[in-house]
Amino acid sequence: MGFFDEHYDLPTAAEGRVEGVAKVTGGGKYAAEYKVDGLCHAVIVGSTIAAGKIKSFNLDNAKQVAGVLGIITHLEKPLVPGLADEDKIKEARLGLAVFHTDKIFFKGQPIALVIAETLEDATYAASLVTAEYEKEPAKLDFELALKNIPLTPAGKDRGNIEALNSAPYSVEAEYNIKAEVHNPMEMHATIAQWKGDDKLKLFDKNQGVNNVQRTFAKLFNIPVDNIEVISEFVGGGFGSGLRVWPHALACIMAAKLVKRPVKLMLTRPQMFHSVGYRPAAWQKIKLAANADGKFVGIHHQAKNGTSVYENFNEGITRVTRLIYHFDNLKAEAATVPLNLSTPTWMRGPGDCTGDFAIESAIDELSYKLKMDPVALRMKNLALEKHPDNGLPWSTNYINECIEKGAQMINWKDRKATHSQTIEGDWSIGYGMAVGAWNAGRGTASAGIKMQKGGTITVQTAMTDIGTGTGISIQNIAHESTGISKSKIKIELGNSNLPPAPSQGGSNGLSSIGGAVVAAVSALKLKIAEYATMQNEAFKNAEAADILLSDTGVSYKTTNNHFISYTSLWEKIT
């Protein structure tokens, strides 16, 4: 593959991240940078209205541009078996079934795709495509639309929310967050190449190559193993790469139409409506406490924007049940359909949004109580058990985290009343907040190959989106084998490698770490099996008793039992 395995003329061995040299020298390839023979280019034509229907197209001028190879619309397109009819489209749950409807759901929605020999030809021809619409009223104002959307229960109530009304201290406030678009440095791009009628190769910016692989295997009714997805380097994800977006399907359809490899790269403006965003949110919180600062309960209401063609619930009230003791709790939520593209997860999705309102309300309550905001939180943390399901925490160090943070910023020296320090037009002060995120693990797998010289290559399909998964895997392999990191190579981001979950939700390394350790154990046992041919001490050895090094293998309990790799391979061959 060549991933993290380029040879550079360096005076000393590189330190730091395994992909560091490839990135700073420009050797690391991102989705749009691969060279594929016969490559042509596709450019999306977006809707100029936010709601309505397409009545007709004018493609004549675009077709006259030299180099144009084809134009896809909902009227003329290659067959996608998984979207062949309305029932299959619903079953696919793809969100926007691009080029399979005449309906317009948001401004910028792909309505046509121009494929040409060069990017310049495709861009110019795309500018000549026009459509006639039957325009409909569009719902774009979140704050206006949310007033007409009723709230529904978000989880089971706890206690009696009426208890808040008789509490001596309470706050009630609304909190609003505007939509936030993730627009990372690397724009999303796909290169699609059909290697046969049922074999597909994709270079795609995505946080989970196996998810892309499964999605298109289902849509095109071909075996999963017949699709290879490569996403070795990702220039920022933030959640935008956690699902399959319409442009990837459009690129595959284009490659099917022209029978050549096709590259489709979103423009910077298209990024704003093509790969999700954190939706706008409204929240209302009523929070009450006794005179000693013990929380009586909380009533948390939340609404977030979504699209009219697909429902996205951010789960804003989920975090309300995670951090503090609330004997009385009621949570309600709703989604607000708008003529915008579908939102998606973004850096602490839902919990981050919910935390903002909860922590703001706690701060406001602390001033009513005339109580230190740190002390108020410390009094109400659920440190022993999960406050919603009652299960004991394996670990919970939020109190220690707060204490350490307060110490580091000299919290005790702050002015207890806000707005006491003024610098020009600014009020200067100290603030604090608590956040939490679930620690999850998913099914993952890894493989290890060992060369005769003792170099090992750890392989997994998981993509490193810049969070350091590659160097972390190398560290785990080093610690669990004893082999120097300079002799441990890493291969990631290819669906042909052992499957793994998507990189996101803070469960990537926690999932793949165990798989790497398991692969190391399997390697040790395999080497012990070979070593038994020369020394019976290795027979029936457990993985924990086998020690590997740069030069050979030894048995843990006896220093005399060492076999070099050179000797090991000579006996095998």
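The structure presented is a predicted model; accordingly, all values stated were derived computationally and were not measured. (Residues numbered from 1 in each chain as written. Predicted model: local features only at pLDDT ≥ 70, side-chain atom pairs only at ≥ 80, totals over all residues. Heavy atoms only, no water.)

Chemist: Account for the environment of Glu-180, with residues named and values stated.
Modeler: Within the secondary structure, Glu-180 is located in the loop between strand S8 (169-177) and strand S9 (189-196). With a relative accessible area of 38%, Glu-180 lands in the partly exposed category. For the pair Glu-180 and His-418, spaced 238 residues apart in sequence, the C-alpha to C-alpha distance is 28 Å. For Glu-180, the contacting residues outside a window of four places in its chain are Tyr-277, Arg-278 and Met-346. (Helix = DSSP H or I, 4+ residues; strand = E, 2+ residues; numbered from the N terminus. Buried < 20%, exposed > 50% of the residue type's maximum accessible area, 1.4 Å probe, protein only. Contact = heavy atoms within 4.5 Å.)

Chemist: Account for the environment of Arg-260, with residues named and values stated.
Modeler: Structurally, Arg-260 can be placed in the loop between helix H7 (246-258) and strand S12 (262-265). Using a relative accessible area of 24% as the deciding quantity, one classes Arg-260 as partly exposed. On a C-alpha basis, the gap between Arg-260 and Ala-518 in space is 41 Å, while along the polypeptide they are 258 residues apart. Those residues in contact with Arg-260 that sit more than four places away from it in its chain are Gly-38, Leu-39, Cys-40, Leu-69, Glu-117, Ala-192 and Ala-255.

Chemist: Mind laying out empty space enclosed by the protein, listing which residues take part and the relevant values?
Modeler: Gaps left between atoms show up when a probe the size of a water molecule is rolled over them. All chains considered together, the criterion is met by four cavities of 30 Å³ or more. Contributing to the lining of the largest cavity are 17 residues, with Leu-96, Trp-245, Pro-246, His-273 and Ser-274 lying nearest its centre. Within the residue set of the lining of the largest cavity, elements represented by two or more residues are H7 and helix H8 (268-274). For the lining of the largest cavity, the residue count by class is 10 nonpolar, five polar and two charged. Quantified by volume, the second largest cavity comes out at close to 60 Å³. Taken together, Ile-54, His-74, Leu-96, Ala-97, Val-98, Phe-99, Thr-101, Gln-109, Pro-110 and Ile-111 make up the full set of residues lining the second largest cavity. Of the residues in the lining of the second largest cavity, the class split is seven nonpolar, three polar and no charged. (1 Å grid on protein atoms, 1.4 Å probe; cavity = no way out; pocket = protein on both sides within 12 Å on 5 of 7 lines; lining within 4 Å. Points joined across faces, edges and corners; volume = space filled by probe spheres on them. Nonpolar A, V, L, I, M, F, W, Y, C, P; charged D, E, K, R; others polar.)

Chemist: How would you summarise the sheet that holds strand S4 (residues 103-104) if you had to cite specific residues and measurements?
Modeler: Taken together, the three strands give an open sheet; going across it, the order is S4-S2-S6, and neighbouring strands pair in antiparallel fashion. Edge positions in the open sheet fall to S4 and strand S6 (130-135), since each of these has one partner strand only. Sheet analysis places strand S2 (residues 52-58) next to S4, joined by two bridges and oriented antiparallel. Within the sheet, the bridge partner assigned to Lys-53 lies in S4 and is Lys-103. (Pairing = 2+ DSSP bridges.)

Chemist: Just give me the short version of unusual backbone geometry, but keep the residues and values in it.
Modeler: Phi at Lys-259 takes a positive value of approximately 60°, unusual for a residue other than glycine. Tracing the sequence through the fold places Lys-259 in the loop between H7 and S12. Of note, Asn-410 is a non-glycine position whose phi angle comes to about 55°, a positive value. The residue Asn-410 is located in the loop between helix H11 (398-408) and strand S16 (421-423) in this model.

Chemist: Residues and numbers for the pattern of salt bridges, please.
Modeler: A complete count under the given rule lists 18 salt bridges for this structure. Residues Asp-157 and Lys-330 are paired through a salt bridge, measuring 3.1 Å at the closest nitrogen-oxygen approach. Of this pair, Asp-157 sits in the loop between strand S7 (152-153) and S8 while Lys-330 is found in strand S15 (residues 328-338), placing the two residues 173 residues apart along the sequence. The exposure class of Lys-330 is partly exposed, given its relative accessible area of 21%. Between Glu-172 and Lys-284 there is a salt bridge, with the nearest N and O atoms lying 3.5 Å from each other. Highlighted residues: Glu-172 in strand S8 and Lys-284 in strand S13 (residues 281-289), separated in sequence by 112 residues. A cluster of three or more residues bridged by salt bridges with shared partners is formed by Arg-17, Glu-19 and Lys-23. (Salt bridge = Lys/Arg side-chain N within 4 Å of Asp/Glu carboxyl O.)

Chemist: Pulling in residues and values, what's your account of helix H6 (residues 209-219)?
Modeler: By the criterion of burial, H6 is predominantly enclosed, with eight of the 11 residues buried. Taken as a whole, H6 has its buried residues at Val-209, Asn-210, Val-212, Gln-213, Thr-215, Phe-216, Ala-217 and Leu-219. Buried positions along H6 lie against helix H3 (86-92), strand S10 (199-204), strand S11 (227-230) and H7. Where H6 terminates, the next one or two residues include Asn-221, which has phi positive at roughly 55°.

Chemist: Residues and numbers for a nonpolar patch on the surface, please.
Modeler: A grouping of Met-408, Ile-409 and Tyr-430 is seen on the molecular surface, where their side chains present a nonpolar patch of about 330 Å² in accessible area. Here Ile-409 is to be found in the loop between H11 and S16. (Patch = residues over 30% accessible without salt bridge, like charges linked within 9 Å, V, L, I, M, F, W, Y side chains within 5 Å. Areas by Shrake-Rupley, 256 points an atom, 1.4 Å probe, with all protein chains shown as cover.)

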